[in-house]
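# Remarks on the overall topology
Given next are the chains, with one letter for each unit.
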Amino acid sequence: MTHDPDAPFEIEEIAPQLRAMPKVELHLHLEGGAPPTFIRGLAREKNVDLREIFTEDGGYAYRDFEHFLSVYEAACSVLTGPEEFYRLVRAVLAESASHGVVYSETFLSPDFCGKCDLSAWREYLAAIEEAATEAERDDGITLRGIVTCIRHFGPDQAKKSAMCAAETAGDFITGFGMAGAEDMGEQKDFVWSFDAAREAGLRLTSHAGEWRGPEEVRAAIRDLGVERIGHGVRGSTDAQLVEDIAEAGITLECCPGSNVFLGVSGSLADHPIAQLRSKGVNVTVSTDDPPFFHTDMNAEFLNLAKTFRWDVDVFRELNQNALAAAFCDEPTRTRIAKELETA
Ligand code: HPA
Ligand code: ZN
């Protein structure tokens, strides 16, 4: 339901409901959720000079997407062991929960957790799961992990990530995906990794159509067999693709604030999420790397409501889309569905 375009729309009338609404988030890079104060604190503890990745007022400093990826990796350099990841998960989930998120899927990268060594990865994962269990108890937020290979590290390194994913697939690690620089290589270069993950019972997603166009989104679906697409928004210019995605029930993990901040979309009003939704595509809303893009789930919901004059029912629908596409087991889905209903 969308408001009559001529009727006055007062965001403050629905803002309290949107802030209080329990939310489901599917696309969050764990390390990209690290508050800058957290990374600065670790750098100080470890005597690492990271001043060049921060602005004077304490935010992350980068010029463009390529530079963002290198600043991101520099920030990860102080996440040196399982204990740091335990603290990171507690910090990120407390922040998400404060914006109403009750279920979160985050991308976890064995590349940043012991350089894809399987026994090291198991130790990092144990710390991450311990933090997730405590956050569920203390902050009322449930976490599931999507192991993610990094495209610009290349297909051979991705295989190591996929093996870590396959060896630890289960109730907590439920998916496999790909992030990183979309202008490097092709989706099909990663078929081996995605096949291995699928054979281990993992559900699949890949970043595509954040920077490249419709053919990249087609390639992720055709070559890797993913059921969700990270972003996908640059596929919106191809009407046939949009129809195919809607028909196939592929879910788009849209991150509007990220897209506007990085210049993928000129403005939120230009963002294709509303058009995709009107064509029957399963769209969802996430923050991607919230402190890097100066966003959070409340900001995303409020900005979308203001820009597209969406009412509370639209946001209920977006949460339902996300929960339906979540890579969790059915008892978890049922439990979260009850939390969404009773709120
Ligand atoms: N896009 C692609 N790769 C990434 C991102 C992102 O926003 N964040 C961390 N890795
Ligand atoms: Zn992303």
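Residues numbered from 1 in each chain as written. Chains lettered and ligands numbered in written order. Predicted model: local features only at pLDDT ≥ 70, side-chain atom pairs only at ≥ 80, totals over all residues. Heavy atoms only, no water.

### As for the overall build of the chain
The helix and strand tally for the chain stands at 14 helices and 8 strands. Expected size for 343 residues packed as a compact globule is a radius of gyration near 20 Å; at 19 Å, the chain falls within 12% of this value. With the principal axes as the frame, the chain shows a C-alpha extent of 60 × 45 × 40 Å. Of the contacts made within the chain by residues no fewer than 6 positions apart, 76% connect residues no fewer than 24 positions apart. (Helix = DSSP H or I, 4+ residues; strand = E, 2+ residues; numbered from the N terminus. Rg over C-alpha atoms; globule rule 2.2 N^0.38 Å. Contact = heavy atoms within 4.5 Å.)

### So, the coordination of the zinc ion (ligand 2)
Only His27 (NE2), His29 (NE2), His207 (NE2) and Asp288 (OD) from the protein coordinate the zinc ion (ligand 2), and they sit 2.1 to 2.2 Å from it. Mapped onto the sequence, the residues coordinating the zinc ion (ligand 2) show the spacing H-x1-H-x177-H-x80-D. Taken together, the positions of His27 in strand β1 (residues 23–29) and Asp288 in the loop between β8 (282–285) and α12 (297–308) put the pair 261 residues apart, joining distant regions of the chain. Comparing His27 with Asp288, the two get one shared label, buried. (Donors = N, O, S within 2.8 Å, 3.2 Å for Na, K, Ca; no water. Buried < 20%, exposed > 50% of the residue type's maximum accessible area, 1.4 Å probe, protein only.)

### So, the domain arrangement of the chain
Under the domain assignment, the chain is made up of domain 1 (11–34 + 81–342) and domain 2 (35–78). Computed from C-alpha coordinates alone, the two centres of domain 1 and domain 2 are separated by 23 Å. On the domain 2 side, the residues contacting the 22 residues of domain 1 number 17 residues. Carbon and sulfur atoms supply 72% of the area that domain 1 and domain 2 bury against each other, a total of about 1,700 Å² over both sides. Our count for the domain 1 to domain 2 interface comes out at 2 salt bridges. Two residues, Glu45 and Arg87, come together in a salt bridge whose shortest N-O distance is 2.8 Å. (Domains from an automatic or database assignment. Buried area = accessible area lost by both parts, 1.4 Å probe. Salt bridge = Lys/Arg side-chain N within 4 Å of Asp/Glu carboxyl O.)

### Section: the pattern of salt bridges
As enumerated under the stated definition, the model contains 24 salt bridges in all. Across the salt bridge formed by Arg90 and Glu134, the nearest N and O atoms sit 2.9 Å from each other. Of this pair, Arg90 sits in helix α4 (residues 82–98) while Glu134 sits in helix α5 (residues 118–139); the two residues are 44 residues apart in sequence, bridging distant segments of the chain. For the pair shown, Arg90 and Glu134 are each scored as buried. Between Arg228 and Glu253 there is a salt bridge; the shortest N-O distance is 2.7 Å. Taken as a pair, Arg228 in strand β6 (residues 228–231) and Glu253 in strand β7 (residues 251–254) lie far apart in primary sequence, 25 residues in all. When salt bridges that share partners are traced, they join Glu215, Arg218, Arg222, Asp223, Asp238 and Asp244 into one network.

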